[in-house]
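# Structure assessment
The residues making up each chain are set out below.
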Amino acid sequence: MLRIILLASMVALASCATITRGTKTAFVVETMPSGARVELSSGQICEATPCTFAGISREAEFTATVSRPGYRTTTHQVTHATSSGGGAGMAGNVLVGGLIGGVIDANSGATQNLVPNPLVVHMEREVTPVSAPVPAPAAAPEAAAQPLAAAPADSAPADAVPAATA
């Protein structure tokens, strides 16, 4: 009977990283200067940094778009990687709980961390081109402003030589 209780306890506690770390984490965004808007591709929004998005899956992959008036909008890729704490928890779990615990930890995402977390963004000011003042158009000479009179079609020009008559 003691063996059955001990075995059941080991199976129940086998998912060490899952129990100690959990499958969800908080994702933090900081900007310099603060006060930027953050929108995750998952649809979550924070109106002013610093922000903490709670309950993000440790295995999530998403983009974070950071914007603030007067600054360049930037987009950052967030992914996941095995953390040292998660790897150690899983290794201990395999030693104590066997293969079952290792499989549970690996499939739950408890061994993962979001990368980067926190996301720290140094905002860059937008560069707006400075336009030079446009000079006023130069005044046209008086003669060029008046249209030339057209000569009647049936009359010869004044400087034309009259044809000789025979």
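Up top is the structure.
Reference entry: report on the structure contained in this document. (Residues numbered from 1 in each chain as written. Predicted model: local features only at pLDDT ≥ 70, side-chain atom pairs only at ≥ 80, totals over all residues. Heavy atoms only, no water.)

Moving on, we get to the pattern of salt bridges. Counting across every chain of the model gives three salt bridges. Arg72 serves as the salt-bridge partner of Glu124, at 3.4 Å between the closest nitrogen and oxygen. Here the residue Glu124 occupies a position in the loop between β8 (119-122) and α5 (142-145), and Arg72 occupies one in the loop between β5 (62-67) and β6 (74-82), the gap between them amounting to 52 residues. (Salt bridge = Lys/Arg side-chain N within 4 Å of Asp/Glu carboxyl O. Helix = DSSP H or I, 4+ residues; strand = E, 2+ residues; numbered from the N terminus.)

Another aspect to go through is the side chain of Thr31. Mapped onto the secondary structure, Thr31 falls in strand β1 (residues 24-32). Classification of Thr31 as buried rests on a relative accessible area of 8%. A polar side-chain atom of Thr31 sits 2.5 Å from a polar atom in the side chain of Thr49. Leave out the neighbours within four places in its chain, and Thr31 touches Ala36, Thr49, Val66, Val121 and Met123. (Buried < 20%, exposed > 50% of the residue type's maximum accessible area, 1.4 Å probe, protein only. Polar contact = N/O pair within 3.5 Å; in protein donor to acceptor, adjacent residues only side chain to side chain. Contact = heavy atoms within 4.5 Å.)

A separate point is the state of the cysteines. Scanning all chains against the criterion turns up one disulfide. The partner cysteine of Cys46 in its disulfide is Cys51, sulfur to sulfur 1.8 Å. When the S-S torsion is -75°, as for the bridge of Cys46 with Cys51, the disulfide is left-handed. Comparing Cys46 with Cys51 shows no difference in burial state: the two are buried. (Disulfide = S-S within 2.5 Å.)

With that settled, the discussion passes to the sheet that holds strand β7 (residues 112-115). What the five strands build is an open sheet, ordered β3-β2-β5-β6-β7; its pairing is antiparallel. Two strands bound the open sheet, and with one partner strand each, they are β3 (45-46) and β7. The pairing of strand β2 (residues 37-40) with β3 spans two bridges and is antiparallel. Bridge pairing links Val38 to Cys46 in β3. (Pairing = 2+ DSSP bridges.)

So, about the pairing of β8. Judged by which residues are buried, β8 turns out to be one-sided: Leu119 and Val121 face inward and are buried, whereas Val120 and His122, on the alternate face, are not. In terms of strand pairing, β1 meets β8 through four bridges, oriented parallel. The residue of β8 that forms the bridge with Glu30 is Val120.

Glycine aside, residues mostly have negative phi angles, and peptide bonds mostly take the trans form. For the bond from Met32 to Pro33, the omega torsion is 0°, close enough to zero to count as cis. As for its position among the elements, Pro33 is in the loop between β1 and β2. With omega at 5°, the peptide bond leading from Thr49 into Pro50 counts as cis. By the secondary structure assignment, Pro50 is in the loop between β3 and β4 (51-57).

It is worth stressing that arrangement in space is one thing and function is another; only the former is reported here.
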